[in-house]
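Single-letter residue listing:
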Amino acid sequence: MKEEKQEMKELSTAHPSKVREYIRRNEWRKPTSGLANGFTQANLVILRKELAFEFLLFCQRNPKPCPVIDVTEPGSPIPQLVAPDADLRTDLPKYRIYRNGELVEEVDHIVSYWEDDMVAFLLGCSFTFEKALLDNGIPVRHIECGSNVPMYKTNIPCVKAGRFEGPMVVSMRPIPEKDVVRAVQVTSRFPAVHGAPIHIGNPESIGIRDLQKPDFGAPVPINDGEVPVFWACGVTPQAVAMQVKPELMITHAPGHMFITNLREEQFGVL
């Protein structure tokens, strides 16, 4: 346990290229929250070229859960805009393989799954603004617990684009009541990585019945005097995949993100 904490401490201040090297060597297979602090993390969606335009349109119509920060050239696993020294086939801790809407496998790399006509999308991730929350004295519970962030399907429909439609997914962080306004102010400065919360308080009004039973990730305790706050989440495409059932979609495993070379400040606004 002591060694894990020391490793986490070292990777929290490491450059993204070093963290990705760890991941590529199979030395880190856990969620990436808290790694390479100060650098932007991203969700991953990979589709065949025939569906790429429709998915890009879906993202354009649903920028809150699906803010696009990079799209690769067809057949290329290299994200040229955000990390030209990286390889999206190997540089995430864990991937999910969806076939016809069914999750069939979780794997450590996708070299054997990659096809010549695949297009990869990197979508902004709320892990990016967590350092800003911490810098403002606002606790981030899943980091405290060393666990994955809890994520939930909601009753909020995304705007349809072509074949893509489905429910929005949200991530939840318990925030002390006295800090809720500040949390909104802080995260609203990062519109490219989900921005301000989409809901505060009563989870049932957005279709969440039990906060201790997330659809993705792990539950976290909510202490007295804290309010559940919900942000749009880049796991939304996985819920969409379950509904739309494309023949093949590859994604990150929830919480196991791609770490870019871009600093958080590049996505913040004053």
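Everything here concerns the structure above.
For the structure given in this document, a descriptive report is provided here. Not measured: the values here are computed from a predicted model.

1. Some remarks on the overall build of the protein
(1) Moving on: When its secondary structure is counted, the protein shows seven helices and 11 strands.
(2) Moving on: Taking 2.2 N^0.38 as the reference for a compact globule, 270 residues should give roughly 18 Å; the C-alpha atoms of the protein span a radius of gyration of 17 Å, in line with that estimate.
(3) Moving on: Expressed as lengths along the three principal axes of its C-alpha atoms, the size of the protein is roughly 50 × 40 × 35 Å.
(4) Moving on: The buried share of the protein, reckoned over its 270 residues, is 57%.
(5) Moving on: Here the protein has roughly 11,700 Å² of accessible surface; of this, 50% comes from carbon and sulfur atoms.
(6) Moving on: One finds the centroid of the 30 positive side-chain charges in the protein at a distance of 2 Å from the centroid of its 34 negative side-chain charges.

2. Things to note about the nonpolar core
(1) Moving on: By size, the foremost hydrophobic cluster in this structure holds 28 residues, and its most contacted members are Phe55, Phe58 and Phe164.
(2) Moving on: Counting residues per element, the ones that place at least two in this core are β1 (39–48), α3 (49–61), β5 (118–124), β7 (167–176), β9 (226–232) and α7 (236–244).
(3) Moving on: It is α3 that provides the largest number of residues to this core, a total of five residues.
(4) Moving on: The residues touching phenylalanine 55, leaving out its near neighbours within four places in the chain, are Val45, Leu47, Phe121, Leu123, Phe164 and Pro237.

3. Here's the deal with α3
(1) Moving on: For α3, with 13 residues, the first-to-last C-alpha span of 19 Å sits near the 18 Å given by 1.5 Å per residue.
(2) Moving on: For α3, the set of buried residues is Leu51, Ala52, Glu54, Phe55, Phe58 and Cys59.
(3) Moving on: Where α3 is buried, its residues touch β1, β2 (68–71), β5 and α7.

4. Re helix α2 (residues 16–24)
(1) Moving on: Three or more residues of α2 are buried, namely Pro16, Val19, Arg20, Tyr22 and Ile23. The buried residues of α2 occupy an angular sector of 155° when the element is viewed end-on, so they sit on one face.
(2) Moving on: Just past α2, the residue asparagine 26 takes up positive phi, approximately 65°.

5. Overview of the pairing of β9
(1) Moving on: Counting buried residues in β9 gives seven out of seven residues, a clear majority hidden from the surface.
(2) Moving on: Burial along β9 is two-sided: Glu226, Pro228, Phe230 and Ala232 and Val227, Val229 and Trp231, pointing in opposite directions, are all buried.
(3) Moving on: In terms of strand pairing, β7 meets β9 through seven bridges, oriented antiparallel. When the sheet's bridge partners are listed, arginine 173 is paired in β9 with valine 229.
(4) Moving on: Alignment of strand β8 (residues 199–200) against β9, held across two bridges, turns out to be antiparallel. By the bridge assignment for β9, isoleucine 200 is matched with valine 229.

6. Thoughts on the pattern of salt bridges
(1) Moving on: For the structure on display, the rule yields 16 salt bridges.
(2) Moving on: Glutamate 21 is the partner of arginine 25 in a salt bridge, and the nearest nitrogen-oxygen pair spans 2.6 Å.
(3) Moving on: Put simply, glutamate 226 and arginine 141 hold a salt bridge, and the shortest N to O gap is 2.5 Å. Here arginine 141 lies in helix α5 (residues 141–145) and glutamate 226 lies in strand β9, a separation of 85 residues in the sequence. With respect to class, glutamate 226 is no different from arginine 141; both count as buried.

Rules behind the numbers
Residues numbered from 1 in each chain as written. Predicted model: local features only at pLDDT ≥ 70, side-chain atom pairs only at ≥ 80, totals over all residues. Heavy atoms only, no water. Helix = DSSP H or I, 4+ residues; strand = E, 2+ residues; numbered from the N terminus. Rg over C-alpha atoms; globule rule 2.2 N^0.38 Å. Buried < 20%, exposed > 50% of the residue type's maximum accessible area, 1.4 Å probe, protein only. Areas by Shrake-Rupley, 256 points an atom, 1.4 Å probe, with all protein chains shown as cover. Lys, Arg positive; Asp, Glu negative; His and termini not counted. Charge placed at Lys NZ, Arg CZ, Asp CG, Glu CD. Core = buried A, V, L, I, M, F, W, Y, C linked by side-chain atoms within 4.5 Å. Contact = heavy atoms within 4.5 Å. Expected span 1.5 Å × (residues − 1). Arc of directions from axis to C-beta. Pairing = 2+ DSSP bridges. Salt bridge = Lys/Arg side-chain N within 4 Å of Asp/Glu carboxyl O.

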